[in-house]
Amino acid sequence: VQLQASGGGSVQAGGSLKLSCAASGRTFNSYGWFRQAPGKERELVASISGAGSITYYADSVKGRFTISRSNAKTTVNLQMNSLKPEDTAVYYCAADPGFRGADSRYSYWGQGTLVTVSS
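Notes on the structure in this doc start here. Residue positions are given per chain, counted from 1 along the sequence in the order it is written. Predicted model: local features are reported for residues with pLDDT of at least 70 only, side-chain atom pairs are reported and counted for 80 or more only, and whole-chain, interface and lining totals are derived from all residues. To obtain the side-chain values, all non-hydrogen atoms of the structure were used and water was disregarded.

A word on the nonpolar core
This is how the line gets drawn: Take the buried residues of types Ala, Val, Leu, Ile, Met, Phe, Trp, Tyr and Cys, join any two whose side-chain atoms come within 4.5 Å, and each joined set is a nonpolar core. Categorising residues by exposure relies on relative accessible area from a 1.4 Å probe, with only protein chains included: less than 20% of the type maximum marks a residue as buried, more than 50% marks it as exposed, and the intermediate range marks it as partly exposed. Runs of H or I in DSSP of at least four residues are treated as helices and runs of E of at least two as strands, each being numbered from the N terminus. Any pair of residues with heavy atoms lying within 4.5 Å of one another is described as a contacting pair.
The biggest cluster of nonpolar side chains holds 29 residues, and the ones touching the most others in it are Trp33, Leu78, Met80 and Tyr91. Going through the elements one at a time, strand E1 (2-6), strand E3 (17-24), strand E4 (30-36), strand E5 (43-49), strand E7 (65-69), strand E8 (75-80), strand E9 (89-96) and strand E11 (113-118) are the ones with two or more residues in this core. Contacts of Tyr91, omitting those with residues within four sequence positions, involve Leu19, Trp33, Phe34, Arg35, Val45, Phe65, Leu78, Met80, Gln111, Gly112, Thr113 and Val115.

As structure tokens, then:
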């Protein structure tokens, strides 16, 4: 099983970026996007789980980020709008066969992709 993340980069505050994560080897019930800023703990940013595609967002990104996944449940995207300097972090995608929701315990992890937002 591999999770391949892409789409990071540098953007000015107020700009947008889209992260994508492709799963190979199997499909998963839940996908999550996490981030870790320098000197901070890793945090769950958004997740999408279950047949009904139930979404969860951290308060800090509600209304600005949107998580979605393909019908085949092999790709998950994170559309990030109105980016702020405090969104700067390494972003990781994760996947799990169970229903995760706001639970941050995921079984599979992709490599990180750096997002830098300048003021």
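A short note on the state of the cysteines
Heads up, the condition is: Note on terminology: disulfide denotes any pair of cysteine sulfur atoms within 2.5 Å.
Going through the model one piece at a time under the given rule, you end up with one disulfide. Disulfide pairing is shown between Cys21 and Cys93; the S-S distance is 2.1 Å. Taking the torsion about the sulfur-sulfur bond, which here is approximately 50°, the covalent link between Cys21 and Cys93 counts as right-handed. Pair noted here: Cys21 is in strand E3 and Cys93 is in strand E9, with a separation of 72 residues, a long-range link. Per residue, the accessibility class of Cys21 equals that of Cys93, and both read buried.

Side note on unusual backbone geometry
With a phi angle near 50°, Ser53 is a residue other than glycine that sits in the positive phi range. In this structure Ser53 comes out as partly exposed when scored by relative accessible area, which is 32%. Within the chain, Ser82 stands out as a residue other than glycine whose phi angle is a positive 50°. Mapped onto the secondary structure, Ser82 falls in the loop between E8 and E9.

Re the packing of aromatic side chains
Cut-off, in case you're wondering: When two rings of Phe, Tyr or Trp (its six-membered ring) have centres within 6.5 Å they constitute a pair, described as stacked for plane angles under 30 degrees, edge-to-face for angles over 60, and tilted for the intermediate range.
For the coordinates displayed, the defined rule picks out five aromatic pairs. Aromatic side chains Phe28 and Tyr31 sit 6.0 Å apart centroid to centroid with 85° between the ring planes, which places their arrangement in the edge-to-face category. For the pair Phe34 and Trp109, a centre-to-centre distance of 4.7 Å together with 55° between the ring planes defines the contact as tilted. You can see Phe34 sitting in strand E4 and its partner Trp109 sitting in strand E10 (residues 108-109), a full 75 residues away along the chain.

Some words on the pattern of salt bridges
Threshold: Whenever Lys or Arg places a side-chain nitrogen within 4 Å of a carboxyl oxygen from Asp or Glu, that contact is recorded as a salt bridge.
Here the structure, examined in full by the defined rule, presents seven salt bridges. Measuring nitrogen to oxygen at the nearest pair gives 2.7 Å for the salt bridge that ties Arg64 to Asp87. Here Arg64, found in the loop between strand E6 (54-57) and E7, pairs with Asp87, found in the loop between E8 and E9; they are 23 residues apart in sequence, far enough to count as distant. This pair shows no difference in class: Arg64 is buried, exactly as Asp87 is. Residues Asp103 and Arg105 are paired through a salt bridge, measuring 2.6 Å at the closest nitrogen-oxygen approach. Each of Arg35, Glu43, Arg64 and Asp87 takes part in a single network of salt bridges with overlapping partners.

Here we look at the sheet that holds E7
Here is the rule we go by: Strands pair, by our definition, only if DSSP identifies at least two bridges between them. The convention used is that axes are lines fitted to C-alpha atoms, helices contributing only their stretch in contact, and that angles between N-to-C directions extend from 0 to 180 degrees.
Taken in spatial order, the four strands make up an open sheet running E1-E3-E8-E7, and their pairing is antiparallel. This sheet does not close on itself; its edge strands, each paired only once, are E1 and E7. Ignoring which end each strand starts from, the neighbouring axes of this sheet average 15° apart. Relative to E3, E1 runs antiparallel, the two being bridged by five bridges. Along E3, the bridge assignment pairs Gln2 with Ser24.

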